[in-house]
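# Coordinates in review
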Amino acid sequence: MSDEVKLTVTLAAPLALRLSAAATERGWSAESLAAECVAQHLEVAIRHRVLIERAEQIDAALLDMAQAVGELGAPSGGIDLTKVCRFRATDDDGTGAPVA
């Protein structure tokens, strides 16, 4: 596969003039400035998509945790919920030591 992909960009005339003027100011070609702009915007778009995917994964994990906590807290017949956690809020001596 080639290291480069050729794209054609069509710009409105006023934008093309602004692009050309900005490139000329910096001593660049309009094509190289346009290519750099496209590359930068694609990089931002890719990073944005990765952040959205990670946020969705975190949301799913939080939902799973909330459901697990809800199941642990749901009323049940024979389970003593005080034994689910190794620590108690208060013990006989008030230390919150591990429950045996």
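What this report covers is the structure whose coordinates are included nearby.

Calculation notes
- Within each chain, residue numbers correspond to sequence positions counted from 1 in written order.
- Restriction of local features to residues with pLDDT of at least 70 applies here, the model being predicted, together with a cutoff of 80 or more for giving and counting side-chain atom pairs; totals for whole chains, interfaces and linings are based on all residues.
- Just so you know, side-chain values use all the structure's heavy atoms and leave hydrogens and water out.
- In this text, helices come from DSSP runs of H or I with a minimum length of four residues, and strands from runs of E with a minimum of two, each type numbered from the N-terminal end.
- Summary of the burial criterion: residues with accessible area below 20% of their type's maximum are buried, those above 50% are exposed, and those between are partly exposed, where the area comes from a 1.4 Å probe applied to protein chains only.
- Reported accessibility uses the Shrake-Rupley method at a 1.4 Å probe radius. Residues are deemed covered only where the shown protein chains occlude them.
- An axis is simply a line fitted to the C-alpha atoms; with a helix, the fit covers only the stretch in contact. Between two such axes, the angle follows the N-to-C directions and lies from 0 to 180 degrees.
- Angles below 35 degrees are treated as roughly parallel, those above 145 as roughly antiparallel, those between 65 and 115 as roughly perpendicular, and all remaining angles as oblique.
- Residue contacts follow a heavy-atom distance rule, with two residues in contact if any of their heavy atoms lie within 4.5 Å.
- Under the grouping applied here, Gly and all other residues not named as nonpolar or charged are polar, the nonpolar ones being Ala, Val, Leu, Ile, Met, Phe, Trp, Tyr, Cys and Pro and the charged ones Asp, Glu, Lys and Arg.
- Definition used for salt bridges: Asp or Glu carboxyl oxygen within 4 Å of a side-chain nitrogen of Lys or Arg.
- Think of a patch as exposed residues, more than 30% relative accessible area, with no salt bridge, where like charges cluster within 9 Å and nonpolar side chains (Val, Leu, Ile, Met, Phe, Trp, Tyr) cluster within 5 Å.

With that out of the way, let us pick up the overall build of the protein. Counting its secondary structure elements, the protein contains two helices and zero strands. For the protein, the residues scored as buried account for 5% of the 100 residues in total. Approximately 9000 Å² of the protein is accessible, and the part contributed by carbon and sulfur atoms is 61%.

One can describe the packing of helix H1 (residues 13-26) onto helix H2 (residues 30-73) by two numbers: an axis separation of 8 Å at closest approach and a directional angle of 105°. It follows that H1 is roughly perpendicular to H2 by the angle criterion. Listed contacts from H2 to Leu19, Ser20, Ala22 and Ala23 of H1 are Ala30, Leu33 and Ala34. Among the residues making up the contact of H1 with H2, the classes are represented as six nonpolar, one polar and no charged.

So, about the pattern of salt bridges. Scanning the model with the defined rule gives three salt bridges in all. Two residues, Arg26 and Glu25, come together in a salt bridge whose shortest N-O distance is 3.8 Å. You can call Glu25 exposed: its relative accessible area is 68%. With a shortest N-O distance of 3.0 Å, Arg47 and Glu43 are connected by a salt bridge. Highlighted residues: Arg47 and Glu43, both in helix H2, separated by four residues, approximately one helical turn. By relative accessible area, which is 55% here, Arg47 ends up exposed.

The next point concerns a nonpolar patch on the surface. Judged by side-chain polarity, Val5, Leu7, Val9, Leu11, Leu15, Val38, Leu42, Ile46 and Val50 come together as a nonpolar surface patch covering roughly 800 Å² of accessible area. Counting residues per element, the nonpolar patch draws most heavily on H2, which supplies four residues. For Val50, the position within the fold is in helix H2.

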